[in-house]
Amino acid sequence: PLFFSIERYADRGIIPRSISLLYSEFNKRKSDTVYACYVSYLELYNEKGFDLLAEEHTASSRLEDMQRVAMMEDEDGNFHFKNLS
């Protein structure tokens, strides 16, 4: 078996490093400010989007059975996602 160490910051994946950075920035700004952090986890596979944090998603779910996420662009060039939690 292959073992990975996550003790070194550089060895951690992009998601744990991103969350760690967010919370370290929150802690640096000790004040009366209240922060809210919302996270989505979108997988793109064969030009189709899938919400990996959807409540109906389980470890045994097949991508084909999951609700698809649609990406839409508005008139201002901003992108929005339909069916993304």
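See above for the structure.
The structure displayed is predicted, hence computed values, not measured ones.

Now for the pairing of strand E3 (residues 68-73). Each regular strand shows side chains that alternate between the opposite faces of the sheet. Alignment of strand E2 (residues 48-51) against E3, held across two bridges, turns out to be antiparallel. Across the sheet, the residue bridging to Gly49 is Val69, located in E3. With four bridges joining them, E3 and strand E4 (residues 79-82) adopt antiparallel strand pairing. Directly across from Met72, in E4, lies its bridge partner His80. Connecting the antiparallel pair E3 and E4 is a turn made up of five residues, with Gly77 showing a positive phi of about 85 degrees.

Enumeration over the complete set of coordinates arrives at two aromatic pairs. Judged by centre distance (5.4 Å) and plane angle (80 degrees), the rings of Tyr23 and Phe26 are edge-to-face. Of the two residues, Tyr23 and Phe26 both sit in helix H1 (residues 14-28), three residues apart, roughly one turn of that helix. Ring centres 4.5 Å apart and planes at 20 degrees place the aromatic pair Phe26 and Tyr35 in the stacked group. Three or more aromatic residues joined by ring pairs make a cluster, and in this case those are Tyr23, Phe26 and Tyr35.

Even without a glycine there, the phi angle at Asn46 is positive, about 50 degrees. Topologically, Asn46 is positioned in the loop between strand E1 (42-45) and E2.

To continue, consider the environment of Glu55. Relative to the assigned elements, Glu55 resides in the loop between E2 and E3. Looking at Glu55, the relative accessible area reads 80%, which means it is exposed. Distance in space between the C-alpha atoms of Glu55 and Ser85 is 8.7 Å, their sequence separation being 30 residues.

Before going further, it helps to spend a moment on a nonpolar patch on the surface. A cluster of nonpolar side chains, contributed by Ile14, Ile15, Val39, Tyr41 and Leu53, occupies part of the molecular surface with about 470 Å² of accessible area. Looking at the secondary structure, you find Tyr41 in the loop between H1 and E1. Among the residues examined, Tyr41 registers a relative accessible area of 39% and is labelled partly exposed.

Within the structure shown, the criterion is met by three salt bridges. The partner of Lys28 in a salt bridge is Glu25, with the nearest N and O atoms 3.1 Å apart. Separated by three residues within a single helix, Lys28 and Glu25 lie in helix H1, roughly one turn from each other. Of the residues examined, Glu25 reaches a relative accessible area of 24% and is grouped as partly exposed. A salt bridge links Asp65 to Arg62; the shortest N-O distance between them is 3.5 Å.

How each quantity is defined
- Residues numbered from 1 in each chain as written.
- Predicted model: local features only at pLDDT ≥ 70, side-chain atom pairs only at ≥ 80, totals over all residues.
- Heavy atoms only, no water.
- Pairing = 2+ DSSP bridges.
- Helix = DSSP H or I, 4+ residues; strand = E, 2+ residues; numbered from the N terminus.
- Phe/Tyr/Trp six-rings, centres within 6.5 Å; stacked < 30°, edge-to-face > 60°.
- Buried < 20%, exposed > 50% of the residue type's maximum accessible area, 1.4 Å probe, protein only.
- Patch = residues over 30% accessible without salt bridge, like charges linked within 9 Å, V, L, I, M, F, W, Y side chains within 5 Å.
- Areas by Shrake-Rupley, 256 points an atom, 1.4 Å probe, with all protein chains shown as cover.
- Salt bridge = Lys/Arg side-chain N within 4 Å of Asp/Glu carboxyl O.

None of the figures reported here should be taken as evidence of function without further support.
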